[in-house]
Amino acid sequence: MIAKGKNASELFPAVVKNVASKNIEIKKLVYVYLVRYAEEQQDLALLSISTFQRALKDPNQLIRASALRVLSSIRVPIIVPIMMLAIKEASADLSPYVRKNAAHAIQKLYSLDPEQKEMLIEVIEKLLKDKSTLVAGSVVMAFEEVCPDRIDLIHKNYRKLCNLLVDVEEWGQVVIIHVLTRYARTQFVSPWKEDDGLEDNEKNFYESDEEKADKRKRTYAMDPDHRLLIRNTKPLLQSRNAAVVMAVAQLYWHIAPKSEAGIISKSLVRLLRSNREVQYIVLQNIATMSIQRKGMFEPYLKSFYVRSTDPTMIKTLKLEILTNLANEANISTLLREFQTYVKSQDKQFAAATIQTIGRCATNILEVTDTCLNGLVCLLSNKDEIVVAESVVVIKKLLQMQPAHHGEIIKHMAKLLDSITVPVARASILWLIGENCERVPKIAPDVLRKMAKSFTSEDDLVKLQVLNLGAKLYLTNSKQTKLLTQYILNLGKYDQNYDIRDRTRFIRQLIVPNEKSGALSKYAKKIFLAQKPAPVLESPFKDRDHFQLGTLSHILNTKASGYLELSDWPEVAPDPSVRNVEVIELAKERTPSGKAKKENPPKKFYSESEEEEDSSDSSSDSESESGSESEEQDEEGDSSGDSSEDSSSESGSGSGSESTVNKRTAKRSSKTKEKGDSDDGEKENEKSETSESSSAESSSIEDSSSESESESESESKSRKATKEKERNTKQGRNPVTKDVSLLDLDDFNPVPTRVVRPSVPVLSPSLIADLEGLNLSTSSSVISVSTPVCVPVKTHELLHRMSGKGLAAHYLFSRQPCIFGSKMVSVQITLNNTTDRKIENIHIGEKKLPIGMEMHVFNPIESLEPEGSITVSVGIDFCDSTQTASFQLCTKDDCFNVNIQPPVGELLLPVTMSEKDFKKEQGMLTGMNETSAIIIVAPQNFTSSVILQKVVNVANVGAVPSGQDNIHRFAAKTVHSGSLMLVTVELKEGSTAQLIINTERTVIGSVLLRELKPVLSQG
C-alpha cells in the first residue's frame, strides 16, 4: 500500500505490535513502515523505544542499522539523549553498514537539536578516520551539514579521502569532491600564476605532458597533495553518473592549472547525449567556461549545433555557447548555421538567433556589415516576430556607426506601416529621432503619421513619439511645431501617468515661457546628446563568481546553504599537518607491534601513487593508444589499493604487505634491466638533453608526492629506476617517429597528387551539405584552371644582416601544391652573401596556429659563397591570413621568420560558364554577399585593365560575359574549396559596383577591401 502511495497511517497500532517479532523479514518490513510514519504518530512510536534499543544490539547488522534509522526518524526532543547514545555506539560498530547509518543519523539529530553540535563533531571526527569506502561518503555529507567550516578535521584524512575516492559510491564521490575542492582552495597556492604568462591562447593544452611538467617545474612547484587530488579524480571523468563527471569538471576548473583543465571538455561534451535535464545543467556550465577559455571547447564546435528535437531552453543555451566560441576562423560556418535557425518554427528560438547574430556582429568587426545586410534582408520576412527582433538588433548595430547607414534608416521608416510589434515600432521611432538631421524629409512625415494613430498606440510607442516630437521641435521647428504641440496635448490627457508626466516635462523643457527654468537653454543638448552604443554581453558573464555545478550558479543568485569558494592563499599553510595526523591514526588503528605502527599507513598512502606510476610507464611503452588505457589503469590501481587496504584492516596486514614488497622489488629489477639494455640507444639520440630534462622534472615531481609516505632508501631506488625507464622510453620513441617521417619523405609525391583532390569534395564542411544536390553536374563544369597571371613580386623572408649573410625571399607561385591539395605552394629563394659555405640549411621549430600545417623542404647540405638555390614548401593556411611562423636554421644559428599570405593567394582560379556563374551567385546571397560602390579612374574603364588589376591582387579566373559593362571572375579557396565569385559592374558617371559572393565571408570582406583601392587609383 505504501509503495502505491496509499495512506496506511490508520494501521499504525496494529503494525507497531509486530516490532517485537522474531521473524527477521517481518521485522524489516515493520521498520520500513515505522520510518515512513514515525513522525506522524510520535506518541505511539515512543511506546516501542525499548524495542529499538534492544534491536541496536541484535546480531544481524541489517536489524541494527534499521533500528537506528527508525530511532533517528522519531523527531521528538525527549529522546535526543537516547539517540545520541545510539549514534555513539553505532559509530564504533564492526559493520561498516551500521557505521554508515550512524553518519546518516548525525544529520537528523543535528536538525532536531542543533545544541548537540559539539558532541556530534566528536563522532564525525571518529568516523572520518574510518577506512571503509561505504562510510566515507556519508560521513563527509554529515560533515558538510554540521560543521563545514571545520577544515582542521579534513587535514588528518585528506590523503585517505583522495585515495578512497574511486571506490566510494557515486553520490558519496560528488560530496567528497566538493569538500576537497573547498579544502584545496584554502590549503594550496594558486596554480594559475604561471599559466598567466604561458597561456594566453590555450597553447599549453596541445603540448605533451613532459613539456608541461618541465615548464611548471621552472616557474611553480605544485604541492604533492594538490597533485594527488588532481590525479586521483581524473579517472572519474569516465563515470556513468553525470553528477560525478560534473563534480570533477568543476574541481579541475577551480583548482587545476589552466593548461590541464582542457581534459574536462571531452567528458562534458559526452554528457550532452544524456536527457534534456542533464543537458541543461551541463550547457549552463559550459556557457560560463567558454567565456573565459574558448580554446577548451573550440574542437567540439559541431557538438553545440542545434537539433530540431531540442527543447527551446537547450537551443538558446547552445546558441549562447556558439556565440562565445565565434571567432574569425569559424564565423562563416556559424553564420550559415544561424541562417537556418532563423527559419525555425520556434519563434522564441528564431528571435534568440537574431540577437546572437547581433552579438557576433559587435564582437567580430570583419562581419559587421555582412550581418547588417543579412538582418536588413530579414525585414522582408513574413513572420512579424522575426522582423521585430531584426529591427531591435539593427537599431543596436546602427548606434555604433550611424553615419554610414542612412539608407537602412529610410528603409526602416517605410516598415512602420506594416510592423505592429510595439518594441519594433518604438526602436524605429528612436532611430529616426536620433538621426532626424540625417533624414530631414522623412522624419516630419513619420511624426505626422504617428500623430494620427497616437491614441491607439502602445504606451512604449507613445513615449518614443513624444521623444521624436521633442527632437524635431528643436531641430526643425518650422515644419513640426504645430504637430509637436498637438501630440503634447494628446499626451497631456492620456490614461497612463508615465505619458502624462513625460508630456508635462517635455513641454516645460522645449516650449519657452515665463515659468521656464534654467534647463530650457540646454534642451537641445539634453535631447540630442551623443548616446553610448549598447554593449551586447553574454548573460553568463558574471556567473563565474559562483562555484560551477551549484544551484547558485544555475539561478545566478546566492541560494541558502551555499558556501563560497575562498580565494587562494598568498602563502600555503603548513603542509605538515597532513603528515603528523596520519602517524597518529596509524597508532590508533594498529596498537600491537612497532613495525605495524609505521608500515601500514605508509603503504596505504604511497601505494596508489607507486602503482599509478608503474601503470603509466607500462601503458606508454606498450602502445600509443593513449589516454583511455591510462585512465583504465589508474582506475584499476586505485580499486586495487582500496581492496588491499581493507584486507590489511581485517587482519591480514603483514601478509599483504610482504606481497606488495615482493611485487615492488620484482618491478624495480625488471625496470633496471630494461634501462641498462637500452643505454646504447639512448646515447645516440640528438634530442636526449631536452627530453630527459622534462622527464627528470616530472619524475622529481612524482617522487616528491611519494616521499612523504615512503622510506628514504625505497624512494631513491624507485626514483632512479623510474628515471632510467622514462629516459629510455623517451629516447626510443622519437627514433620510430623520425624513421617513419623519413620513409614518408622518400615516397614519390605523385601518388599523393592522385588521391588528395577527392578531399575537398568529401570534406565534412557545410559546403558539401549545400552543394551535395548538384555535385554531379557542377563538377564537370567548374574546374581548376591555370593562373591568368603569376606575379613576380617577391617578399623578404630573411634580411642578409639578420641572417648573418643568409638572405631569403619568397613568392607565391599560384600553382597547385604537390604536397597536398589543401596547401598553398610557396617558393623560397636562398642566397649566400658571405664568402664562406653555409651548411645544413633547414626548417627548425614551427610555431603554427591551431589547424595550420606546413610541409618543409629537404635540408640543404651546403650553399656555396654567392650561391643561390630555390626550394618549395607547402603551407595549409586554413583559408585565413594568419601568419605562419617558423625557424630557418643553419648549422650554427636559427632565425625566426614569418610568412603571411595576401588573401588573393589563398585562391585557385576556376573556369565556368556565365550561366553557371549566375546560378552559383544566386545561391550565395544575403549574408554571403558583400558589395561596395567605388569611383573608377577613367583609364580603368577598359576590360583589359580591369582584368590585369584584379588578377594582380587575387588568383582568380576570368568568366566569359555577354555584357560589356560587367566583368566576372571566379576562384575557389585552396583549403575548403568554397567558391569566390567577383563581379565588377561599370555604371554611369565613373562609378562601379564591386560585388563578392562567397561562403567564406571574412575572406570576402578582406578581398573587397584590397580590390577597392586598386580599381579606384589611376
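Note that the coordinates shown come from a computational prediction; the quantities given were computed from them, not determined experimentally.

Regarding the overall build of the chain
Broken down by element type, the chain carries 44 helices and 16 strands. Long-range pairs, those at least 24 residues apart, make up 69% of the contacts in the chain between residues at least 6 apart in sequence.

Points about the packing of helix α18 (residues 276-292) against helix α19 (residues 312-325)
Interaxial distance between α18 and α19 falls to 9 Å at its minimum, and their mutual angle equals 20 degrees. The orientation of α18 relative to α19 falls into the category roughly parallel. The two elements α18 and α19 cross, and the hand of that crossing is left-handed. Note on element contacts: α19 touches α18 through Met 313, Ile 314, Leu 317, Lys 318, Glu 320, Ile 321, Asn 324 and Leu 325, opposite Arg 276, Gln 279, Tyr 280, Leu 283, Gln 284, Ile 286, Ala 287, Ser 290 and Ile 291.

A few points about the side chain of Lys 462
Along the chain, Lys 462 turns up in helix α27 (residues 459-475). In this structure Lys 462 touches Phe 454, Thr 455, Glu 457, Asp 494 and Ile 499, once residues within four positions along its chain are discounted.

Observations concerning the pattern of salt bridges
Charged atoms that come close allow side chains of opposite charge to pair. Under the counting rule described, the total for this entry stands at 30 salt bridges. A salt bridge links Asp 152 to Arg 150, with the nearest nitrogen and oxygen atoms 3.0 Å apart. Judged by relative accessible area, Asp 152 falls into the partly exposed class, the value being 34%. Residue Glu 985 is joined to Lys 987 by a salt bridge in which the shortest nitrogen-to-oxygen separation is 3.8 Å. Residue Glu 985 is classed as partly exposed on the basis of its relative accessible area, which comes to 22%. One continuous salt-bridge network, built from bridges that share partners, spans Arg 159, Asp 223, Asp 225 and Arg 578.

Description of the confidence of the model for the chain
Chain-level statistics for the chain give a pLDDT mean of 76 and a share of 75% at 70 or above. Taken together, the stretch residues 580-722 has pLDDT below 50 and engages in 165 contacts with residues farther than four places along the chain or on a different chain. The low-confidence segment residues 724-780 (pLDDT under 50) makes 64 contacts with residues lying over four places distant or belonging to another chain.

Some remarks on the packing of aromatic side chains
All told, the structure shown has eight aromatic pairs when counted by the stated rule. Between Phe 297 and Phe 304, the ring centres sit 6.3 Å apart and the planes meet at 70 degrees, which makes this aromatic pair edge-to-face. The residues Phe 297 and Phe 304 share a single accessibility class, namely buried. For the ring pair Phe 338 and Tyr 341, a centre distance of 6.1 Å and an interplane angle of 50 degrees mean the geometry is tilted. With Phe 338 and Tyr 341 both in helix α20 (residues 331-342), this residue pair falls three residues apart, about one helical turn.

Comments concerning the sheet that holds strand β5 (residues 838-847)
Remark on secondary structure: sheet strands pair via backbone hydrogen bonds, oriented parallel or antiparallel. Strand order in this open sheet of four strands is β7-β5-β9-β10, and the pairing throughout is antiparallel. The open sheet has two edge strands with one neighbour each: β7 (860-863) and β10 (894-899). Ignoring which end each strand starts from, the neighbouring axes of this sheet average 35 degrees apart.

As for the pairing of strand β16 (residues 991-998)
Taking burial as the measure, the eight residues of β16 include seven buried ones, the bulk of the element. Inspection of the sheet shows strand β12 (residues 929-935) paired to β16 by seven bridges, in the antiparallel sense. Opposite Ala 932, over in β16, you have Leu 994 as the bridge partner. Relative to β16, strand β15 (residues 979-986) runs antiparallel, the two being bridged by seven bridges. The residue bridging Thr 983 from the neighbouring strand is Ile 995, located in β16. Between β15 and β16, which follow one another and run antiparallel, lie four residues, and Gly 989 among them has a positive phi close to 75 degrees.

Things to note about a nonpolar patch on the surface
A surface patch of nonpolar side chains, about 290 Å² in accessible area, is lined by Leu 519, Tyr 522 and Ile 526. Mapped onto the secondary structure, Ile 526 falls in helix α30 (residues 523-527). On the basis of relative accessible area, Ile 526 is assigned to the partly exposed category, the value being 39%.

Quick notes on the nonpolar core
Within the largest apolar cluster, 181 residues are counted, with the highest numbers of intra-cluster contacts made by Leu 268 and Phe 304. For this core, the element with the highest residue contribution is helix α16 (residues 242-255), accounting for eleven residues. Residues in contact with Leu 268, not counting those within four places in the same chain, are Met 246, Ala 249, Val 282, Ile 286, Met 289 and Phe 297. Counting 32 residues, the second largest nonpolar core, distinct from the first, contains Leu 797, Ile 841, Ala 884 and Phe 895.

Thoughts on the packing of α27 against helix α28 (residues 477-492)
Contact geometry of α27 with α28 gives a least axis separation of 8 Å together with a crossing angle of 150 degrees. Taken together, α27 and α28 sit at an angle that is classed as roughly antiparallel. Here the hand of the crossing between α27 and α28 comes out left-handed. Here Val 465, Leu 466, Gly 469, Ala 470, Leu 472, Tyr 473 and Thr 475 of α27 come into contact with α28, specifically with Ser 477, Thr 480, Lys 481, Thr 484, Ile 487 and Leu 488. Residue classes in the contact of α27 with α28 are distributed as seven nonpolar, five polar and one charged.

What to know about the pairing of strand β11 (residues 907-911)
With respect to burial, β11 is a largely interior element, four of its five residues being buried. Examined bridge by bridge, strand β1 (residues 783-784) and β11 share two bridges and lie antiparallel to one another. In the strand pairing of β11, Val 784 is matched with Val 910.

Notes on the sheet that holds strand β6 (residues 853-855)
With antiparallel pairing, five strands are arranged side by side in an open sheet as β2-β3-β4-β8-β6. Of all the strands in the sheet, just β2 (795-798) and β6 have a single pairing partner and so form its edges. Each neighbouring strand pair of the sheet contributes to a mean axis angle of 35 degrees, computed without reference to strand direction. Of the strand pairs in this sheet, strand β3 (residues 806-816) and strand β4 (residues 824-832) are connected by eight bridges, and their pairing is antiparallel. Pairing of Pro 816 across the sheet is with Val 824, part of β4.

Here's the deal with the environment of Asp 167
Mapped onto the secondary structure, Asp 167 falls in the loop between α11 (158-164) and α12 (170-187). Note on Asp 167: relative accessible area 24%, which makes it partly exposed. Expressed as a C-alpha distance, the spacing of Asp 167 and Thr 133, which sit 34 residues apart in the sequence, is 6.3 Å.

Notes on the environment of Asn 467
Considering the arrangement of structural elements, one finds Asn 467 in helix α27. Judged by its relative accessible area of 14%, Asn 467 falls in the buried class. On a C-alpha basis, the gap between Asn 467 and Trp 430 in space is 7.8 Å, while along the polypeptide they are 37 residues apart. Once you skip the residues sitting within four places of it in the chain, Asn 467 turns out to touch Arg 502, Ile 506 and Phe 527.

Describing unusual backbone geometry
With a phi close to 55 degrees, Lys 804 is a non-glycine residue in the positive phi region. When you line up the elements, Lys 804 lands in the loop between β2 and β3. Even without glycine at this site, Arg 814 takes up a positive phi of about 60 degrees. Along the chain, Arg 814 turns up in strand β3.

Comments concerning helix α5 (residues 61-73)
Between its first and last C-alpha atoms α5 spans 18 Å; for 13 residues at 1.5 Å apiece the expected length is 18 Å, and the two agree. Across the 13 residues of α5, ten count as buried, placing the element largely inside the fold. Looking only at α5, the buried set comprises Ile 63, Arg 64, Ala 65, Ser 66, Ala 67, Leu 68, Val 70, Leu 71, Ser 72 and Ser 73. In this fold, the buried residues of α5 make contact with α2 (24-37), α4 (49-55), α6 (80-91) and α7 (96-112). In this structure Asn 60 caps α5, since a side-chain oxygen of it lies 2.8 Å from the backbone nitrogen of Leu 62.

About the criteria used
- Residues numbered from 1 in each chain as written.
- Predicted model: local features only at pLDDT ≥ 70, side-chain atom pairs only at ≥ 80, totals over all residues.
- Heavy atoms only, no water.
- Helix = DSSP H or I, 4+ residues; strand = E, 2+ residues; numbered from the N terminus.
- Contact = heavy atoms within 4.5 Å.
- Axes fitted to C-alpha atoms, helices over the stretch in contact; angles between N-to-C directions.
- Parallel < 35°, antiparallel > 145°, perpendicular 65-115°, else oblique.
- Left-handed = near helix turned anticlockwise from the far one by under 90°.
- Salt bridge = Lys/Arg side-chain N within 4 Å of Asp/Glu carboxyl O.
- Buried < 20%, exposed > 50% of the residue type's maximum accessible area, 1.4 Å probe, protein only.
- pLDDT = per-residue confidence, 0-100.
- Phe/Tyr/Trp six-rings, centres within 6.5 Å; stacked < 30°, edge-to-face > 60°.
- Pairing = 2+ DSSP bridges.
- Patch = residues over 30% accessible without salt bridge, like charges linked within 9 Å, V, L, I, M, F, W, Y side chains within 5 Å.
- Areas by Shrake-Rupley, 256 points an atom, 1.4 Å probe, with all protein chains shown as cover.
- Core = buried A, V, L, I, M, F, W, Y, C linked by side-chain atoms within 4.5 Å.
- Nonpolar A, V, L, I, M, F, W, Y, C, P; charged D, E, K, R; others polar.
- Expected span 1.5 Å × (residues − 1).
- Polar contact = N/O pair within 3.5 Å; in protein donor to acceptor, adjacent residues only side chain to side chain.

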